[in-house]
Amino acid sequence: LYLNITNRCTNECGFCIRNLNREFNKEHQLWLDREPTAEEVIEAIGAPSRYKQIVFCGYGEPLIRLDVVKEVSRKLKAPRQSSGQVEIRIDTNGQANLFWGRNILPELHGLIDVISVSLDAENARKYEALCRPAFGPQSYQAVIDFIKEAKKIIPKVEASVVDIHSVDTVACRRIAQELGVTFRLRTYYQEAYVR
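Parameters and conventions
Residues numbered from 1 in each chain as written. Predicted model: local features only at pLDDT ≥ 70, side-chain atom pairs only at ≥ 80, totals over all residues. Heavy atoms only, no water. Helix = DSSP H or I, 4+ residues; strand = E, 2+ residues; numbered from the N terminus. Buried < 20%, exposed > 50% of the residue type's maximum accessible area, 1.4 Å probe, protein only. Contact = heavy atoms within 4.5 Å. Areas by Shrake-Rupley, 256 points an atom, 1.4 Å probe, with all protein chains shown as cover. 1 Å grid on protein atoms, 1.4 Å probe; cavity = no way out; pocket = protein on both sides within 12 Å on 5 of 7 lines; lining within 4 Å. Points joined across faces, edges and corners; volume = space filled by probe spheres on them. Nonpolar A, V, L, I, M, F, W, Y, C, P; charged D, E, K, R; others polar. Phe/Tyr/Trp six-rings, centres within 6.5 Å; stacked < 30°, edge-to-face > 60°. Arc of directions from axis to C-beta. Pairing = 2+ DSSP bridges. Axes fitted to C-alpha atoms, helices over the stretch in contact; angles between N-to-C directions. Parallel < 35°, antiparallel > 145°, perpendicular 65-115°, else oblique. Left-handed = near helix turned anticlockwise from the far one by under 90°.

Student: I keep staring at the overall build of the protein and nothing clicks. Help me out?
Tutor: For the protein, the count of helices and strands is 6 helices and 8 strands. Counting from the amino terminus, helix and strand elements in the protein follow one another as β-β-β-α-β-α-β-α-β-α-α-β-α-β. Across the 195 residues that make up the protein, the buried fraction comes to 51%. Of the contacts formed within the protein by residues at least 6 apart in sequence, a portion of 76% connects residues at least 24 apart. Accessible surface for the protein amounts to roughly 9,900 Å². Of this, 50% is attributable to carbon and sulfur atoms.

Structure below.
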């Protein structure tokens, strides 16, 4: 189950669907008119045991809504919610520590099982050109540092990149290996976007 909790993002990635269309595959209206409360998210989930994994992602950066992520995750991890613990994942651009001005990862301890961090380039120059981060040149190193910190807190950490021609995916895989995290190559679905 994918949870869309915000449209806000600290990047303006040229390859991101949010910058091309407000719908996905002509049928999924993903742009939010307003951000849902934690209670609304929990209500929409229903019985968490129906899902193998619940993922905070959506059209924006979920960790901009850190308190909602924590509150929903706490409820999902509460023993009374299900007979088994549901796995919780966050898909993030890795800039939450820049956004909040502190290391937020310890706040996710015991709440998040998997974190997928968008590395998206093999160096800072290319990252800035592709992702156009609000925090500028410091963003790429902040993403690398976020991955390093995440390894100390989150059981499973992966670095991902979108498979586009301008990104050296071999170099990105090597960076993930050097960081000691899993690597995931994400398919680029531009042909599925409808303007």
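Don't stop here, the text continues.
Student: Explain the layout of surface pockets to me, please; I cannot follow it from the model alone.
Tutor: Over the atoms rolls a probe the size of a water molecule, and its path tells where empty space is left. Empty space within the second largest pocket amounts to approximately 210 Å³. Looking at the second largest pocket, the residues that line it are L1, Y2, L3, N4, I5, L32, R34, P36, E40, V41, A44 and I45. Of all the secondary structure elements, the ones that give two or more residues to the lining of the second largest pocket are β1 (2–4) and α1 (38–45). Broken down by element, the lining of the second largest pocket gets its largest block of residues, 4 residues, from α1. When its residues are assigned to classes, the lining of the second largest pocket shows 9 nonpolar, 1 polar and 2 charged.

Student: Please explain the packing of aromatic side chains as it appears in this structure.
Tutor: What characterises a pair of aromatic rings is the spacing of the ring centres plus the angle enclosed by the ring planes. Considering all chains together, one arrives at 2 aromatic pairs under this definition. Between F99 and W100, the aromatic rings sit 5.1 Å apart at their centres with planes inclined by 80°, giving edge-to-face as the arrangement. Plain terms: the ring middles of Y127 and Y140 are 5.5 Å apart, the flat faces sit at 55° to each other, and that makes the pair tilted. With Y127 in helix α4 (residues 124–131) and Y140 in helix α5 (residues 139–153), the pair connects residues that are 13 residues apart, well separated along the chain. Each member of the pair Y127 and Y140 is classed as buried.

Student: Looking at this model, I keep getting lost on α1. Mind explaining?
Tutor: Each full turn of the α-helix corresponds to 3.6 residues, which orients residues three or four apart in the same direction. Taken residue by residue, α1 has A38, V41 and I45 as its buried positions. Around the axis of α1, the buried residues are gathered within 65° of arc, so they sit on the same side. Summarising the geometry of α1, the exposed residues directed more than 90 degrees from the buried face are E43 and A44. Contacts from the buried residues of α1 go to β1, β4 (53–57) and α2 (66–77). After α1 finishes, the residue G46 shows a positive phi value of roughly 70°.

Student: Teacher, can you tell me more about the sheet that holds strand β6 (residues 114–118) here?
Tutor: In any sheet, the strands associate via hydrogen bonds between backbone groups, in a parallel or an antiparallel arrangement. Spatially, β1-β4-β5-β6-β7-β8 is the arrangement adopted by the 6 strands of the open sheet, whose pairing is parallel. Strands at the two margins of the open sheet, each flanked by one partner only, are β1 and β8 (182–186). For this sheet, the mean angle separating the axes of adjacent strands, direction not counted, is 25°. Summarising the sheet, strand β5 (residues 87–92) and β6 pair through 4 bridges and their orientation is parallel. The residue of β6 that forms the bridge with R89 is V114. Along the sheet, α2 contacts β4 and β5; its crossing angle with β5, the most-contacted strand, is approximately 160°.

Student: Explain the packing of α1 against α2 to me, please; I cannot follow it from the model alone.
Tutor: In a pair of packed helices, the angle between the axes and the distance between the axes together describe the arrangement. Running from N to C, α1 and α2 cross one another at 40°; their axes reach a closest spacing of 9 Å. The pairing of α1 with α2 is recorded here as oblique in orientation. In this structure, α1 crosses over α2, and the sense of that crossing is right-handed. Within the contact between the two elements, α1 uses A38, E39, V41, I42 and I45 and α2 uses V68, E71, V72, K75 and L76. Grouping the constituent residues of the contact of α1 with α2 by class yields 7 nonpolar, no polar and 3 charged.

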